[in-house]
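# A structural walkthrough
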Amino acid sequence: LYSHYVSSDVMGAEAVAIDIADKWIFSGRVKMKNDIDLMNARIYADFNRMSLIGRKAPEMTLADDAGDSLCLYAGDRSLRYSVLYFYDTGCPECLAQTVLLRTYLSSISYPLDVYAVYVGADSLSWKHYREERLPVNSASVNVVHLWDSDLASDFQRKYGVLKTPQMLLVGKDNVILG
């Protein structure tokens, strides 16, 4: 059952996997096949627990493309919905997802903030990517390019970023919707 929910394509299934792990596996009531599987289950739970659907988006501080700090989700409410998009410039899946995202964002007319978070450390690659791959021309969409070159924000654990691309939708109340 745990394996089914860990590998499910259904949004929100990770909450079921974590609940099973907490109640059955981590309590010792059910044994994993080996210590590696148990370690992987702990990592999965630790890296997904804070970003489950229905939870308040964890606060994090990142740098924008001018080097200024921006603290996300520190307040009680926002005026707009937001998308957190974690990507890497050398990731082929990220490139495909970025093209789809850029196309979609250029066509919408409702207010939306997009926080495009580069997970790498190459500032030149990041500059090229945000200028060439992720420009959005829409009066209603605000795209903010961010990164954490020294990994101080702990975004990986807070938002379950074990691979890229990763994308989350956050509501006006700063609660994760998907």
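Now for a description of the structure that goes with this document. (Residues numbered from 1 in each chain as written. Predicted model: local features only at pLDDT ≥ 70, side-chain atom pairs only at ≥ 80, totals over all residues. Heavy atoms only, no water.)

Next up on the list: the overall build of the chain. Summing up its helical and strand segments, the chain has six helices and six strands in all. Reading the chain from its N end, one meets helices and strands in the order α-α-α-β-β-β-α-β-α-β-α-β. In terms of C-alpha radius of gyration, the chain reaches 17 Å, essentially the compact-globule figure of 16 Å for 178 residues. The dimensions of the chain, computed from C-alpha atoms along their principal axes, are 55 × 35 × 30 Å. A total of 178 residues make up the chain; the buried ones form 39% of that total. Looking at the chain as shown, the accessible area adds up to about 9,900 Å², and 53% of this sits on carbon and sulfur atoms. Across the chain, the mean location of the 18 positive side-chain charges is 6 Å away from that of the 22 negative side-chain charges. (Helix = DSSP H or I, 4+ residues; strand = E, 2+ residues; numbered from the N terminus. Rg over C-alpha atoms; globule rule 2.2 N^0.38 Å. Buried < 20%, exposed > 50% of the residue type's maximum accessible area, 1.4 Å probe, protein only. Areas by Shrake-Rupley, 256 points an atom, 1.4 Å probe, with all protein chains shown as cover. Lys, Arg positive; Asp, Glu negative; His and termini not counted. Charge placed at Lys NZ, Arg CZ, Asp CG, Glu CD.)

Attention shifts here to the pattern of salt bridges. Enumeration over the complete set of coordinates arrives at six salt bridges. For the salt bridge of Arg-49 with Asp-22, the shortest nitrogen-to-oxygen distance reads 2.8 Å. Highlighted residues: Arg-49 in the loop between helix 3 (35-48) and strand 1 (60-64) and Asp-22 in helix 2 (residues 13-25), separated in sequence by 27 residues. Here Glu-131 makes a salt bridge to Lys-127, at a shortest N to O gap of 2.9 Å. Pair noted here: Glu-131 and Lys-127 are both in helix 5 (residues 123-132), with a separation of four residues, about one helical turn. A residue is classified by how much of its surface remains accessible, and Glu-131, at 42% relative accessible area, is partly exposed. (Salt bridge = Lys/Arg side-chain N within 4 Å of Asp/Glu carboxyl O.)

A few words now on the packing of aromatic side chains. Summed over all chains, the structure comprises nine aromatic pairs. Both rings, one in Tyr-87 and one in Tyr-118, keep their centres 5.9 Å apart while their planes meet at 35 degrees; by these two values the pair is tilted. Here the residue Tyr-87 occupies a position in strand 3 (residues 81-87), and Tyr-118 occupies one in strand 4 (residues 112-118), the gap between them amounting to 31 residues. Note on accessibility: Tyr-87 and Tyr-118 belong to one class, buried. With a centroid separation of 4.8 Å and 20 degrees between ring planes, the pair formed by Trp-126 and Trp-147 is classed as stacked. With Trp-126 in helix 5 and Trp-147 in strand 5 (residues 141-147), this pair connects stretches of sequence that are 21 residues apart. For the pair Trp-126 and Trp-147, a shared accessibility class is recorded, and that class is buried. (Phe/Tyr/Trp six-rings, centres within 6.5 Å; stacked < 30°, edge-to-face > 60°.)

Take unusual backbone geometry next. For the peptide bond that leads from Thr-164 to Pro-165, omega is -5 degrees, which places it in the cis range. Within the secondary structure, Pro-165 is located in the loop between helix 6 (155-159) and strand 6 (166-170). Although it is not a glycine, Leu-151 sits at a positive phi angle of roughly 60 degrees. Along the chain, the position of Leu-151 falls in the loop between strand 5 and helix 6. What makes Leu-151 partly exposed here is its relative accessible area of 44%. One non-glycine residue with positive phi stands out, namely Asp-154, at about 65 degrees. Its place among the elements puts Asp-154 in the loop between strand 5 and helix 6.

Glancing now at the pairing of strand 1. In terms of strand pairing, strand 1 meets strand 2 (residues 69-72) through four bridges, oriented antiparallel. Among the inter-strand pairings, Leu-62 is bridged to a residue of strand 2, identified as Leu-70. Counting the residues that bridge the hairpin from strand 1 to strand 2 gives four residues, and of these Gly-67 lies at a positive phi of roughly 90 degrees. In terms of strand pairing, strand 1 meets strand 5 through two bridges, oriented antiparallel. Bridging from a neighbouring strand, Ala-63 pairs with Trp-147 of strand 5. (Pairing = 2+ DSSP bridges.)

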